[in-house]
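# Coordinate analysis (summary)
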Amino acid sequence: MDIEKNTKYGSINISLDAIAQIAGKAATECYGVVGMSKKNSLKDGISELLNIENYSKGVYVKKNNKGLIEVDIYIVMGYGLRITEAIAQVQKRVKYELEKNLNIKFSAVNVYVQGVKNI
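Below is a short write-up of the structure. Everything numeric in this text was worked out from a predicted model, so none of it was measured. (Residues numbered from 1 in each chain as written. Predicted model: local features only at pLDDT ≥ 70, side-chain atom pairs only at ≥ 80, totals over all residues. Heavy atoms only, no water.)

Counting its secondary structure elements, the chain contains 3 helices and 6 strands. Secondary structure elements of the chain, listed N to C terminal, follow the sequence β-β-α-β-α-β-β-α-β. The burial tally for the chain puts 38% of its 119 residues in the buried class. At a minimum sequence separation of 6, the contacts of the chain that also span at least 24 residues come to 63%. Total accessible area on the chain is roughly 7,300 Å²; 48% of this is exposed by carbon and sulfur atoms. (Helix = DSSP H or I, 4+ residues; strand = E, 2+ residues; numbered from the N terminus. Buried < 20%, exposed > 50% of the residue type's maximum accessible area, 1.4 Å probe, protein only. Contact = heavy atoms within 4.5 Å. Areas by Shrake-Rupley, 256 points an atom, 1.4 Å probe, with all protein chains shown as cover.)

Set out below in structure tokens:
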């Protein structure tokens, strides 16, 4: 599922991998974020950090029932931080970067903490 945007010059298709790269880079640059993780890492019991090439495995883009776009991000946080404040910063930063770079409104940025590691 690509996101299609129509302009007066033609149509633009934005791949989900491009959105995942932008969201993943913005999230990992935030204070307290150790790295990205896979969605099923809690279920599998494996806490694996993703490389920059694999951010699409930790970011999921979907359209809700109203047709608006939502982003789910799975991250690993550093130990000893206020997780709620750090996550709020991640949400703000990711939403800002996505809307600035893609010129598309996102309805929600959902952040899921998959683990906590010492830094």
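Text resumes after the structure shown.
Pairing between strand β4 (residues 59–63) and strand β5 (residues 69–78): 5 bridges, direction antiparallel. Looking at β5, one finds that Val59 is bridged to Ile73. In textbook terms, the turn of a hairpin is the stretch between consecutive antiparallel strands, and for β4 and β5 this stretch comprises 5 residues, one of which, Gly67, has a positive phi near 85°. (Pairing = 2+ DSSP bridges.)

The next subject is the packing of aromatic side chains. Evaluation of the coordinates by the stated rule reveals 2 aromatic pairs. Residues Tyr60 and Tyr74 carry aromatic rings whose centres are separated by 5.7 Å and whose planes lie at 85° to one another, so their mutual orientation is edge-to-face. Separated by 14 residues along the polypeptide, Tyr60 in strand β4 and Tyr74 in strand β5 bring together distant segments of the chain. Judged by its relative accessible area of 33%, Tyr60 falls in the partly exposed class. When its relative accessible area of 6% is taken as the criterion, Tyr74 is described as buried. Seen from their ring centres, Tyr74 and Tyr112 are 4.9 Å apart, and the 15° between their planes marks the pair as stacked. Of the two residues, Tyr74 sits in strand β5 while Tyr112 sits in strand β6 (residues 106–117), which places them 38 residues apart along the sequence. Through a chain of ring-to-ring contacts, the aromatic side chains of Tyr60, Tyr74 and Tyr112 assemble into a single cluster. (Phe/Tyr/Trp six-rings, centres within 6.5 Å; stacked < 30°, edge-to-face > 60°.)

Once that is clear, we can look at helix α3 (residues 83–102). For α3, spanning 20 residues, the distance from its first C-alpha to its last is 28 Å, which sits close to the expected 28 Å at 1.5 Å a residue. Restricting attention to buried positions, one finds in α3 the residues Ala86, Ile87, Val90, Val94, Glu97, Leu98, Glu99 and Leu102. Looking one or two residues beyond α3, the residue adopting positive phi is Asn103, at roughly 55°. (Expected span 1.5 Å × (residues − 1).)

Here the focus is the environment of Gln91. By secondary structure assignment, the location of Gln91 is in helix α3. On the basis of relative accessibility, which here comes to 32%, the residue Gln91 falls in the partly exposed class. Taking C-alpha positions, Gln91 is 5.7 Å from Val109, a pair spaced 18 residues apart along the chain. The contacts of Gln91, once residues within four sequence positions are left out, are Val109, Asn110 and Val111.

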